[in-house]
Every structure is written in structure tokens, then in C-alpha cells.
Amino acid sequence: MSIGVVARKLLWGRANNLCAFPGCSQELTINLDEPESRVLGDAGAVIGEEAHIRSGRIDGPRYDPEYPQDEIDTYGNLILLCPTHHTMVDKDGGRGYSIEDLVQMRDHHESAMSATRSTADEARRRISERVAASVKVWEDKMLVEEWQSLTSSLNYPLPHLQDRFRSAMLDTREWLLAKDWPAEFPAVREAFHRFREVLRAMTAHVLETFDRDGERSWELDREYKRIPWNPELYNELTAKFQLECVITWCLTIELTKAANLVVRAVREEIESFYRFDEGVLLARDGDWIFNSQIVRLEYEDHEWGEKFPVIDLGQWRAIIQAEAVERQVARPDDISPYEMLSIIQSQLSREARAE
């Protein structure tokens, strides 16, 4: 487990980026075990340390066997210290400072910092903490930590979904539909609105075209396999399946880009080191056997405030079919979904400008 967006937001925000040790109040630069932090340290910046009040190791300072291991990296077990005072409180196995001492130290420091903030600053801090909590809810609901598994199943030659992923998508769609993001964070608001729109299109597509495949999974319907021998109808249904494959793959690309737009927005407005250790969400593309690759997908040129088009799957299908006819390819899935998505977006942009 690692320190997440909520714990980090609470810890650094409530401490005002200052060491919590009495009388110190050293301004700190965030410490992530990365080359960038070492460069900053070498340049003279004091690197803050997210110190554990109770160690997660049996031989560590103030280890508490009754404290839940899954709470070791949560805000309740952390205190922000400079390197000097972190070393001091952990010296001799932490004998000089008890759990109660450190909890009290943190609470007193945070109370003092709260008193220095204006009413407006304190209100913004509280709102940002709530937004950080909402980001964590989104991560959990959408099973973000399993993004490669989700995208690999959707990008498979026969797109499929485990039941838990399908349920997660539907649950997240409903949650986002009701969610009202604060206007104080316009980038976060915009990013989640885009993610909601792409997820709406994806879930609509899944509900319309995926069928049960056993008790715990769903797959894109292959209606051509259930008909009596009829070459003309078989070819028609096969082409329909190929078209829906392309739709699924394009939506998966777009969903990953929208998820990474959320990551970008949270970094800019809520927590600058959000997912700094984990990085952006990566998608897995291919069949896992002969042609599997991990790809990074983002809206690289997007400017905040720039509108995204509403996703109309009927329009997408028409553009895909027209492109296949124009190129005289036997199957619409002979064209790369990345290229096809670019074609879709270019045509929709031209139509929007013409209006």
C-alpha cells in the first residue's frame, strides 16, 4: 500500500507544508522517493517526510500489533516532519516519543496552522479535501488500479467484460451523473464531465451489444454464430460484429484519455503529486498472445475550456462504415482504431466548424 491522494492532501494541506515538530516550522518540499526529490535536496530544499506514527514493520518505531495494516499509510497514522526531526522521533526505536506524543504534536500544529488561514483559505482547503475524497471514491468505484485489465478485455479481438467491471462502470456512471463538482475547481469539473460523457457512451454500447457469457462475464454479441446456414445473412451479421468491435476499441481509447484528463486536472488543482509514483493510467492493447502492448493515451493538445463533442454512436458507426467503403477494405476492423478515432474526430470537428 502507498500514501494516496486523500492522505497526502490532508497531511500537507493541514500542516501548511511545514514541519509539525514544536518550534521548527521548517518549510518543506514534498518527498517522493524519486530522482527529482534528490535533485531538490541537493539544491538546498528541505525535503518533507511523511512520517509514520506507528511503523508497519515489527522492528520499526512504535509498532502496534493491534493497529490495522491497511491503515498504516492513511492520514490518521502520518505526521509531516523535516528530516532532522523525523530522525529524532524515530531514534532508538522511537522510545523518546510515544504514539500519543506524535498524535498530539500533529494536532497542535494543525490547529495553529488553521488559525493562520483566512476564512476563504480555510473554506477552500476544506472543499479541496472533499474533492480529493471524491477522487478516491471515483478510483475505487471505477477499479482504476485495474485499468490495464479492464482495457485489455475491451481491446481483445472478441471484446468482453468481467461482471465486476461491468457493474463498476454502471455504478460509476450513476454516481457521476448525480455528482456536482464545485466551480472553484473548473479543470476537475471539466475533466469529470468528459469522463462521464465517455462512460455514458461506453455503458450504453455495452448494454446494447454485449451478452452474457457464463455467470461472471459478458462479451460482444456474435449473432452470426446463432443463425442457420444463410451466407448472405452471415456476412451481414459478421460485418455488424466487426463494426461493433471497432466502436468498442475506439471507446476504450477515449475512456482512457478521459481518465488521464482527470489525473491531469487533479494534479493541477488539488494535489500536484497525485499518482506521481504510479503515473498516468496505461491501457493494454492487443490479444495478450501475439500482439500485446501497453500504451499511454492522453488528450495531449487539450486546453481547459475547450469543448468536447457529445458522443453519438450512430454518427461514429456511419463514419466508420463510410471510411471502410472509401478505402475499399474488406472489414472495418482492418483500419487501426487509433486512426479510425482520429478520422471520426476530424470529421466531427469539420462539421462543427461548418455549423
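You'll find the structure just up there.
A short tour of the structure in this document, coming up.

1. With respect to the pattern of salt bridges
Enumeration over the complete set of coordinates arrives at 27 salt bridges. Glu129 is paired through a salt bridge with Arg14; the nearest N and O atoms lie 2.9 Å apart. Placement of Glu129 in helix H5 (residues 119–141) and of Arg14 in helix H1 (residues 5–15) is noted, with a sequence separation of 115 residues between them.

2. Some details on the packing of helix H8 (residues 186–209) against helix H9 (residues 231–269)
Remark: H8 packs on H9, axes separated minimally by 8 Å, with the N-to-C direction vectors making an angle of 160 degrees. Taken together, H8 and H9 sit at an angle that is classed as roughly antiparallel. As H8 packs across H9, the resulting crossing turns out to be left-handed.

3. Quick notes on helix H11 (residues 337–354)
Along its 18 residues, H11 runs 25 Å from first to last C-alpha, staying within 8% of the 26 Å computed at 1.5 Å per residue. Considered for burial, the residues of H11 that qualify are Pro337, Met340, Leu341, Ile343, Ile344 and Leu348. Along the long axis of H11, the arc covered by the buried residues comes to 160 degrees, so they all point the same way. Of the residues in H11, the exposed ones pointing more than 90 degrees away from the buried face are Arg353 and Ala354. Against the buried residues of H11 lie H9 and helix H10 (313–327). Its side-chain oxygen placed 3.2 Å from the backbone nitrogen of Tyr338, Ser336 serves as the N-cap of H11.

4. Topic: empty space enclosed by the protein
Sizing a probe to match a water molecule and rolling it over the atoms shows the empty space that remains. In this structure the tally under the stated criterion is 1 cavity of 30 Å³ or more. Every residue along the wall of the largest cavity is listed here: Leu161, Arg166, Met169, Leu170, Thr203, Val206 and Leu207. Elements with a contribution of two residues or more to the lining of the largest cavity: helix H7 (163–178) and H8.

Procedures and definitions
- Residues numbered from 1 in each chain as written.
- Predicted model: local features only at pLDDT ≥ 70, side-chain atom pairs only at ≥ 80, totals over all residues.
- Heavy atoms only, no water.
- Salt bridge = Lys/Arg side-chain N within 4 Å of Asp/Glu carboxyl O.
- Helix = DSSP H or I, 4+ residues; strand = E, 2+ residues; numbered from the N terminus.
- Axes fitted to C-alpha atoms, helices over the stretch in contact; angles between N-to-C directions.
- Parallel < 35°, antiparallel > 145°, perpendicular 65-115°, else oblique.
- Left-handed = near helix turned anticlockwise from the far one by under 90°.
- Expected span 1.5 Å × (residues − 1).
- Buried < 20%, exposed > 50% of the residue type's maximum accessible area, 1.4 Å probe, protein only.
- Arc of directions from axis to C-beta.
- Contact = heavy atoms within 4.5 Å.
- Polar contact = N/O pair within 3.5 Å; in protein donor to acceptor, adjacent residues only side chain to side chain.
- 1 Å grid on protein atoms, 1.4 Å probe; cavity = no way out; pocket = protein on both sides within 12 Å on 5 of 7 lines; lining within 4 Å.
- Points joined across faces, edges and corners; volume = space filled by probe spheres on them.

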